[in-house]
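Each chain, written out:
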Amino acid sequence: MTAGRPVPTQDEVLGYFRTLSNWGRWGDDDELGTLNHITDGVRLAAARAVRHGRSVSCAWEVAAPRDMERSTTTCPCAADMPGAENMPVPGFHADRRWGFSSERLGITFHGNTLTHVDSPCHIFWDGTMYNGRPHSLVDADTGSAWAAVTAAANGIITRGVLLDIARVRDVPWLEPGQGVFPADLEEAERRQGVRVRSGDAVLLRTGYGRMRHEAGTASGFAQAGWHASCLPWLRDREVALIGADTPQDVQPSGYGDVLMPVHAVGLVAMGLWLLDNCDLESCATTAAELGQWDFHLTVAPVRFAGTSGSPVNPIATF
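These numbers were taken from a predicted model, which means no experiment stands behind them.

A.B. asks: So what exactly am I meant to see when it comes to unusual backbone geometry here?
C.D. replies: Leaving glycine aside, a negative phi is the common case for residues, and trans is the common case for peptide bonds. P252 follows Q251 through a cis peptide bond whose omega is 0°. Tracing the backbone shows P252 in the loop between β11 (241–244) and α7 (261–270). One non-glycine residue, A147, lies in the positive phi region at around 55°. You can see A147 is positioned in the loop between β6 (143–144) and β7 (156–164). Given a relative accessible area of 0%, A147 falls into the buried group. Of note, the phi angle at D170 is positive, near 60°, even though the residue is not glycine. Relative to the helices and strands, D170 is located in the loop between α3 (165–168) and β8 (179–180).

A.B. asks: When you look at the pairing of strand β9 (residues 201–205) in this model, what are you seeing that I'm missing?
C.D. replies: The side chains of a regular strand alternate between the sheet's two faces. Of all five residues in β9, five are buried, a share of seventy percent or more. Residues A201, L203 and R205 point to one face of β9 and V202 and L204 to the other, with burial holding for every one of them. Pairing of β7 with β9 involves five bridges; the strand directions are parallel. Residue pairing in the sheet places G160 in a bridge with A201 of β9.

A.B. asks: Honestly, the nonpolar core in this entry has me stumped. Any pointers?
C.D. replies: Most often, soluble globular proteins have nonpolar side chains that are buried together. Residues I156, L162, L163, L185 and W226 are the most contacted members of the largest nonpolar core, which totals 66 residues. The leading source of residues in this core is α7, at seven residues. If we ignore the near neighbours within four places in the chain, the residues touching L185 are L163, I165, V180, L204, W226, C230 and W233.

A.B. asks: Just checking my understanding: could you explain the sheet that holds strand β13 (residues 294–299) for this structure?
C.D. replies: Hydrogen bonds between backbone atoms are what pair the strands of a sheet, whose relative direction is either parallel or antiparallel. Spatially, nine strands are ordered β1-β15-β13-β7-β9-β11-β12-β4-β14 in an open sheet, and the strand pairing comes out mixed. Since the sheet does not close on itself, it has two edges, and those belong to β1 (55–57) and β14 (309–311), each with one partner. With strand direction ignored, the average angle separating the axes of adjacent strands in the sheet is 25°. Here three bridges tie β11 to strand β12 (residues 273–276), and the two strands are oriented parallel to one another. Within β12, the position partnered with G243 by the bridge is L275. The strands that helix α4 (residues 182–192) touches are β7 and β9; relative to β7, the one it contacts most, it runs at about 95°.

A.B. asks: For this particular structure, what's the right way to read α7?
C.D. replies: Residues spaced three or four apart along an α-helix face the same direction, because each turn holds 3.6 residues. With ten of its ten residues buried, α7 lies for the most part within the structure. Looking at α7, one finds that the buried residues are P261, V262, H263, A264, V265, G266, L267, V268, A269 and M270. On its buried face, α7 sits against α1 (10–19), β4 (116–118), β10 (225–226), α6 (231–236), β11 and β12. Backbone geometry just downstream of α7 places G271 in the positive-phi region, at approximately 65°.

Parameters and conventions
- Residues numbered from 1 in each chain as written.
- Predicted model: local features only at pLDDT ≥ 70, side-chain atom pairs only at ≥ 80, totals over all residues.
- Heavy atoms only, no water.
- Helix = DSSP H or I, 4+ residues; strand = E, 2+ residues; numbered from the N terminus.
- Buried < 20%, exposed > 50% of the residue type's maximum accessible area, 1.4 Å probe, protein only.
- Pairing = 2+ DSSP bridges.
- Core = buried A, V, L, I, M, F, W, Y, C linked by side-chain atoms within 4.5 Å.
- Contact = heavy atoms within 4.5 Å.
- Axes fitted to C-alpha atoms, helices over the stretch in contact; angles between N-to-C directions.

See below:
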């Protein structure tokens, strides 16, 4: 799918670390990166995208125990709880009606399966993170002291735009290894009657979610996704967040020295937050039914101190 499309050379992609850099753009101490594009005015405008009142999830359900370590404790009544006799509330000692269940969950959310957000500290390039901070600010015991997911503690609330590339190309899904280019993005805008503007979140549908629903998770590392040539387009449009129904980067990327250029350039140079592994099928169906391809998007990361991301359930409200 690259025939006739302008494809940057590897040297040009490596040059993106300099030409697309947002280091210092919002100050030397900035950890928000492209989320700075989401101003109060952008959030107010996003609210006006709600025209029908219908909400859909853009996340995959997390299966247990396959996708996580799970331990569940059940107590049919408080009196059976271990240590109840030592509780400072006397009622616990004899309460035969109040019971509970409780879970301990262990989860690895980065990867190709679970819906999650990546914060800028997730990727290093030449030992450096977004805004020039050294990788040594990430500690094995305490996590990251820089650009962790808690930088987005107030949530990511903005206008979302779904660009349905599988629909534009009139295929059920893009095949693994097929990249999405700026011309595809603009053709989707034209056909859908929408234009990406400053502060928007752009969600890219390759159709992989449909494949996954119908055939199960595909094996291997090859996948459809954003081509590196989209990075200047995303910076020019001042996009705050990108998502996809894959882990973003087309694989293979086509660049031997840059395995995942959208992750590397996006997170390190641009401070571009990423929303990986969305399930965009309900969102696409709703958008087509309503004839509306923009919506109010809410992404609320869990405030895990020092982490490089969080599992999330993005909600699109039309």
